[in-house]
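Single-letter residue listing:
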Amino acid sequence: MTKSAREDVIRCEGIWKIFGERSREAMDAIRNQGLSKQLIREKYDCVIGVQNASFTVGRGEIFCIMGLSGSGKSTLIRHINRLIEPTAGSIIIEGQNVNAMNARDLRALRAERIGMVFQSMALMPHRTVQENVGFSLEVRGLADAQRAKIAQAIEAVDLTGWEKKYPDELSGGMQQRVGLARAIAADPTILLMDEPFSALDPLIRKQLQTTFMELSAELHKTTVFITHDLDEAIRIGDRIAIMKDGVLVQIGTPEQIVTEPADDYVAEFVAGISKLDLVTAARIMQPLAQYEAANGPQNISAWSVARPEDKLNTLVDLAVGSDSPIRIEAEGRTVGVVTRRALLRGIQGREEVGTSAMETA
Amino acid sequence: MEEKTFDWLNPFASIDLGIGAWADGIKGWAISNRDLIQPLKIFFEGVIVRIEAALHAVPPVVMLILLTLIAWQAAGRRVAILVGCCLVLLGLLHPEAWGLAMTTLAIVTSSVLLCVLIGLPLGILAGKSDRFESFVRPVLDTMQTIPAFVYLVPVVMLIGIGNVSGVIVTIIFALPPLVRLTSLGIRSVNQSVVEAARAFGATPGQILFKVELPLATPTILAGLNQTIMLSLSMVVIASMISVKGLGNEVLRAMGRLDAGKAIVGGLGIVMLAIVLDRITQGLGRSGRERGHRHWWQTGPVGLITGLFARN
């Protein structure tokens, strides 16, 4: 509902990245002759990193890009702050074309409006925590004037008291918190997170995800978050893009990705994902009229009641308490019925034939 | 000239490109253009003489204590004791040994200073540019392997005998490791850290001075150490073109088959080498390896600042 009101902060249009000395020729060949990846490699000795990627990220949104290693997701995110030049396509940040910027404007953009967190952390080993966090302020000659900002960022990631330590004195999780603090110290509008938690062990990863989500709720940064972990993407992302071999296969909300996978590749990915906290009642309910046509008139006032946006988890709780189906009510009106059968199928991730709300709506 | 017939099996005997004569022509040009070089020579001579005078002006005991303190600061207490012992031994070798060592130290210091001024920028350039690296590498190979006697003559023709020629000859031999290791140091900086610096809006200059050079420092200091060692190994050859000091003692001893004198000069050079090597190696180990402290918190300076901090 807020999506339409959101302005686009990042807009990527038709980004291609071809690696190789003859990337220009290869690009033309793809445009004019529609050569395949295979042929491009054979004829031009070029590798396609990103293939025609377009997406937008709204203000305050967390946009996850999910893909396996080698799918081009780290290449794609580096186009946003132009660490990598696209072979074709353009990146527009708050109305400004990043690729048309001169070196000075680009540096200002990177220092003031974009914060980045790296999988390898990439902290500077010869600088203390404080000096690392203040780096983007320091390159603009502001480190001393904005001590308070640095302290604030360090506090936000719970590292107060560690300012004078060097990165190699910190644990992996703490190092990445320094990375996070460094990214938010200059109070940028955009955060680029390149697999920030992948190198950490599961428990620490979960902690950092929580830290990040709390920070994110508080700071409302527009975020592009790269991960190879679908659970993480679903946990964190407002929207998810699935990337495979340089192509954005599907872009959608976590629920859309899980319930309506665009192809077999995505379907295989989401197969193991728990639907309990993702799928809503609206998706599995059938109209009351259809239910009564099949089972005769019902005393619906005795049934348990849920709302269309309630997740399967809530419905399971209701179903455990009574044997009757669940009535779905919106704005005081009965909009549908969820049977036990539909609920169980929903948890499985399969839809009952003929009961989908989409077909009758 | 006798007429030679061309032999396919041994073509080289009958081809003479005249490279030797051509190079001799350069020598001739150098001699006829000596006046152009003279102002530069006088300037450098002045610098070397001043350094030498300064080193001689300090009384040996004060110099000994000073060098020991520097070693303590740079490399810790144990190295300081070693350096102190070496210096005492150097002084005891011969009544004149200390003075000769200071003369040699002045030449070495001047050479190393110039090496740093020339080598550091070249090394950074080579670290940044593959093309420059591939150009400079054969030049460095040549500088390191060509026998010193080959360039001794042209340098003397151009500049004349004396300290300045000695310094130039030393630089030719001692410069390469500094350039090579500076380049290596810049190249082996973790690229993800450089990328992070770029991502936070650092200019190329800021990346160089705030990231690359600090991270390359241990490697660069290893190069400096090698440059110093090579400078010392050149002092005997440099003494052939009338550079005074310990090297000259060795050379003269060789001429007179005076083994005792040769040992005095030779051991003096070794002592000086140990002192300079340990001090620069100490610099190479970062302060953080010694317990994450800043250099001013350790050694003699640490003692003094500690005293002030307590008051």
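Naming follows an unreviewed UniProt entry, where chain B appears as Glycine/betaine ABC transporter permease of Gemmobacter lanyuensis. UniProt's Sequence similarities (unreviewed entry) comment on chain B is quoted here verbatim: "Belongs to the binding-protein-dependent transport system permease family."

Turning next to the sheet that holds strand β4 (residues 88-93) of chain A. All names here are of chain A. Across the sheet, which stays open at both edges, the 4 strands sit in the order β2-β1-β4-β5 with antiparallel pairing between neighbours. Looking at the sheet topology across the chains shown, the edges are occupied by β2 (47-58) and β5 (96-97). With 2 bridges joining them, β4 and β5 adopt antiparallel strand pairing. Pairing of Ile93 across the sheet is with Gln96, part of β5.

On to the sheet that holds strand β13 (residues 333-338) of chain A, then. Residues and elements named next belong to chain A. Within the open sheet, the 3 strands sit side by side as β11-β12-β13. Their pairing is mixed. The sheet is open, and its two edges are formed by β11 (304-306) and β13, each paired on a single side. If you compare each strand with its neighbour and ignore which way they point, the axes differ by 35° on average.

Here Phe135 of chain A is to be found in helix α6 (residues 135-138). Taking the relative accessible area as the measure of exposure, Phe135 of chain A reaches 0% and is therefore buried. Considering only alpha carbons, one finds Phe135 of chain A and Ala151 of chain A, 16 residues apart in sequence, at a separation of 13 Å. If near-sequence neighbours (up to four positions away) are discounted, Phe135 of chain A is found in contact with Met124 and Arg127 of chain A together with Ala197, Phe200, Ala202, Lys210 and Val211 of chain B.

Residue and element names in this part refer to chain A. Counted under the stated rule, the structure contains 29 salt bridges over all chains. One salt bridge in this structure joins Arg78 and Asp194, with 2.8 Å as the shortest N-O distance. Residue Arg78 is located in helix α3 (residues 73-80), and its partner Asp194 is located in strand β7 (residues 190-194); the two are separated by 116 residues in the primary sequence. Under the relative-accessibility criterion, Asp194 is labelled buried at 5%. One network of salt bridges, with partners in common, ties together Glu7, Arg59, Glu94 and Arg113.

Our focus in this paragraph is helix α5 (residues 97-128) of chain B. Taking 1.5 Å per residue as the helical rise, α5 of chain B with its 32 residues ought to reach 46 Å, and the 44 Å between its terminal C-alpha atoms agrees with that figure. If you look at α5 of chain B, its biggest bend is around 30°, right at Gly119 of chain B, and the proline Pro121 of chain B turns up within four residues after that.

All names here are of chain A. Summarising burial for β7: 5 of the 5 residues are buried, a large majority. By the alternation rule, side chains of β7 split into Ile190, Leu192 and Asp194 and Leu191 and Met193, which are all buried. Here strand β6 (residues 114-117) pairs with β7 via 4 bridges, running parallel. Note on β7: the bridge partner recorded for Met116 is Leu192. In the sheet, β7 pairs with strand β8 (residues 222-227) via 5 bridges, with the strands oriented parallel. The partner of Asp194 across the bridge, within β8, is Ile226. One crossover worth recording links β7 to the parallel β8 by way of helix α9 (residues 202-219), and it is right-handed.

In this structure's numbering, the residues bearing the UniProt feature "domain: ABC transmembrane type-1" (unreviewed entry) are residues 101-280 of chain B. End-to-end, the C-alpha atoms of residues 101-280 of chain B are 18 Å apart, and along that stretch the chain is 88% helix and 0% strand.

What counts and what doesn't
- Residues numbered from 1 in each chain as written.
- Chains lettered and ligands numbered in written order.
- Predicted model: local features only at pLDDT ≥ 70, side-chain atom pairs only at ≥ 80, totals over all residues.
- Heavy atoms only, no water.
- UniProt positions renumbered as here; feature names shortened; annotations may be inferred.
- Pairing = 2+ DSSP bridges.
- Helix = DSSP H or I, 4+ residues; strand = E, 2+ residues; numbered from the N terminus.
- Axes fitted to C-alpha atoms, helices over the stretch in contact; angles between N-to-C directions.
- Buried < 20%, exposed > 50% of the residue type's maximum accessible area, 1.4 Å probe, protein only.
- Contact = heavy atoms within 4.5 Å.
- Salt bridge = Lys/Arg side-chain N within 4 Å of Asp/Glu carboxyl O.
- Expected span 1.5 Å × (residues − 1).
- Bend = angle between axes of the 7 residues up to and from the residue.
- Right-handed = clockwise from strand over helix to strand, strands pointing away.

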